[in-house]
Amino acid sequence: QVVVVESGGGLVQAGGSLRLSCAASGDFDRDYSMGWFRQASGKEREGVASINADGNTMYADSVKGRFTISQDHARNTLYLQMNSLKPEDTAMYYCAAEGTGWPTLDDEYNYWGQGTQVTVSS
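All figures in this text were calculated on a predicted structure; none of them were measured in a lab. (Residues numbered from 1 in each chain as written. Predicted model: local features only at pLDDT ≥ 70, side-chain atom pairs only at ≥ 80, totals over all residues. Heavy atoms only, no water.)

### Description of the pairing of strand 8 (residues 77-82)
Sheet topology note: the strand 3 (residues 18-25)/strand 8 ladder contains six bridges and is antiparallel. Within strand 8, the position partnered with Arg 19 by the bridge is Gln 81. (Pairing = 2+ DSSP bridges. Helix = DSSP H or I, 4+ residues; strand = E, 2+ residues; numbered from the N terminus.)

### With respect to the pattern of salt bridges
In the structure shown here, the tally under the stated rule is five salt bridges. Notably, a salt bridge pairs Arg 38 with Glu 46, separated by 2.7 Å at the nearest N-O pair. A salt bridge links Asp 61 to Lys 64, with the shortest nitrogen-to-oxygen separation between them at 3.4 Å. Using a relative accessible area of 67% as the deciding quantity, one classes Asp 61 as exposed. Lys 64 gets classed as exposed once you look at its relative accessible area, which sits at 52%. Members of the salt-bridge network, linked through shared partners, are Arg 38, Glu 46, Arg 66 and Asp 89. (Salt bridge = Lys/Arg side-chain N within 4 Å of Asp/Glu carboxyl O. Buried < 20%, exposed > 50% of the residue type's maximum accessible area, 1.4 Å probe, protein only.)

What follows is the structure, given as structure tokens:
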């Protein structure tokens, strides 16, 4: 019923920028939070950024000051602007919808996309 699709990933040089998009459709609660997660090869999935219905945002320390999460007025499209990219940002990035808590933890999101790969070269 709910479909979450990420896009915008790709290969970029260190110091460059990428803008990820997440299109979410179906019967999910637009008043709940949305977020971005990432998982690098051989590592655990980690939270990157979250945004709630009030526009409040939270960021992982590793991306704070470089990444910006935003959402359109209809709350059905999520963005992640990534600047000053580093090789350690290389990961599969996942969009999550309908987070029921704030700050929202992994287990509190009800819907997930398939991911979009971001690769940052040195």
